[in-house]
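# Examination of the molecular architecture
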Amino acid sequence: MKELRKSQIFTLTLLILFIGWFCWFTLSEFFPEELFSGYVILPVLYYIAGLLLIEVLYRVDKTKPLKLARTYLVMHLLKFIVFGALALFFILALGVKTKVFIGVYAIYYLVFIVFETWVYYSVEKQIKKMN
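Residues numbered from 1 in each chain as written. Predicted model: local features only at pLDDT ≥ 70, side-chain atom pairs only at ≥ 80, totals over all residues. Heavy atoms only, no water.

What follows concerns helix α3 (residues 65-93). For α3, with 29 residues, the first-to-last C-alpha span of 41 Å sits near the 42 Å given by 1.5 Å per residue. Regarding α3, the residues found buried are Leu68, Thr71, Tyr72, Met75, Lys79, Phe83, Leu86, Ala87 and Phe90. Two residues or fewer after α3 comes Gly95, characterised by a positive phi angle close to 70°. (Helix = DSSP H or I, 4+ residues; strand = E, 2+ residues; numbered from the N terminus. Expected span 1.5 Å × (residues − 1). Buried < 20%, exposed > 50% of the residue type's maximum accessible area, 1.4 Å probe, protein only.)

Together, Phe18, Trp21, Phe22, Phe25, Phe30, Phe31 and Ile107 make up an exposed nonpolar region whose accessible area comes to about 730 Å². A per-element tally of the nonpolar patch places helix α1 (residues 2-30) first, with 5 residues. Note that Phe22 resides in helix α1. (Patch = residues over 30% accessible without salt bridge, like charges linked within 9 Å, V, L, I, M, F, W, Y side chains within 5 Å. Areas by Shrake-Rupley, 256 points an atom, 1.4 Å probe, with all protein chains shown as cover. Salt bridge = Lys/Arg side-chain N within 4 Å of Asp/Glu carboxyl O.)

By volume, the largest pocket is sized at about 230 Å³. Around the largest pocket, the lining residues are Leu45, Ile48, Ala49, Leu52, Leu53, Met75, Leu78, Lys79, Val82, Phe83, Phe112 and Glu116. Going through the elements one at a time, α2 (41-59), α3 and α4 (98-130) are the ones with two or more residues in the lining of the largest pocket. Looking at side-chain class alone, the lining of the largest pocket contains 10 nonpolar, no polar and 2 charged residues. (1 Å grid on protein atoms, 1.4 Å probe; cavity = no way out; pocket = protein on both sides within 12 Å on 5 of 7 lines; lining within 4 Å. Points joined across faces, edges and corners; volume = space filled by probe spheres on them. Nonpolar A, V, L, I, M, F, W, Y, C, P; charged D, E, K, R; others polar.)

So, on to α1. Here α1 contains 29 residues, and its C-alpha end-to-end distance of 42 Å stays within 8% of the 42 Å for a straight helix at 1.5 Å per residue. For α1, the full list of buried residues reads Leu4, Gln8, Leu12, Ile16, Ile19, Gly20, Cys23 and Leu27. Residues of α1 that are buried in the fold lie against α2 and α4. (Contact = heavy atoms within 4.5 Å.)

Moving on: the packing of aromatic side chains. For the structure shown, the criterion picks out 15 aromatic pairs. A centroid spacing of 6.2 Å and a plane angle of 65° characterise the contact between Tyr46 and Tyr105, whose relative ring orientation is edge-to-face. You can see Tyr46 sitting in helix α2 and its partner Tyr105 sitting in helix α4, a full 59 residues away along the chain. For Tyr46, a relative accessible area of 0% puts it in the buried group. Classification of Tyr105 by relative accessible area gives buried; the value is 8%. Of the aromatic side chains, those joined through ring pairs into one cluster are Trp24, Tyr39, Tyr46, Phe83, Phe89, Phe90, Phe101, Tyr105, Tyr108, Phe112, Phe115 and Trp118. (Phe/Tyr/Trp six-rings, centres within 6.5 Å; stacked < 30°, edge-to-face > 60°.)

Time to look at the packing of α1 against α4. The interhelical angle for the contact between α1 and α4, taken along N-to-C directions, is 165°, at an axis separation of 11 Å. Comparing their axes, α4 and α1 come out roughly antiparallel. Every pair of crossing elements has a handedness; the one defined by α1 and α4 is right-handed. Contact residues: Leu4, Ser7, Gln8, Thr11, Leu12, Leu15, Ile19, Gly20, Cys23 and Leu27 in α1; Val100, Val104, Ile107, Tyr108, Val111, Phe112, Phe115, Trp118, Val119, Ser122, Val123 and Gln126 in α4. Residue composition of the contact of α1 with α4, grouped by class: 16 nonpolar, 6 polar and no charged. (Axes fitted to C-alpha atoms, helices over the stretch in contact; angles between N-to-C directions. Parallel < 35°, antiparallel > 145°, perpendicular 65-115°, else oblique. Left-handed = near helix turned anticlockwise from the far one by under 90°.)

Have a look at this one:
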């Protein structure tokens, strides 16, 4: 399980670095007037959320599959609420221009959903392999 965890953290790191660089490059090259100073917060928060997901799924009792699924769904719901509130904060409190920000935010969110699903699937696969 430790090898899987290391692999997931490495993949998360590469993914966040790539998406962060890609979105920053796209914003600075094509939408420089809509570049916002708090951009760096997005990749950092998604990286922290990914590390939390990996750590919680690693520590949950794997002998009870229902508990693992419930934990994953609760984390998914919490992520949705927290990042939705964060998006509203950026738009309403910081006055970030909406169209480009929503596009960047959607890219991060969709990529993270794919990563999240892959992490859960690989944990389930590892559990089946161990049994």
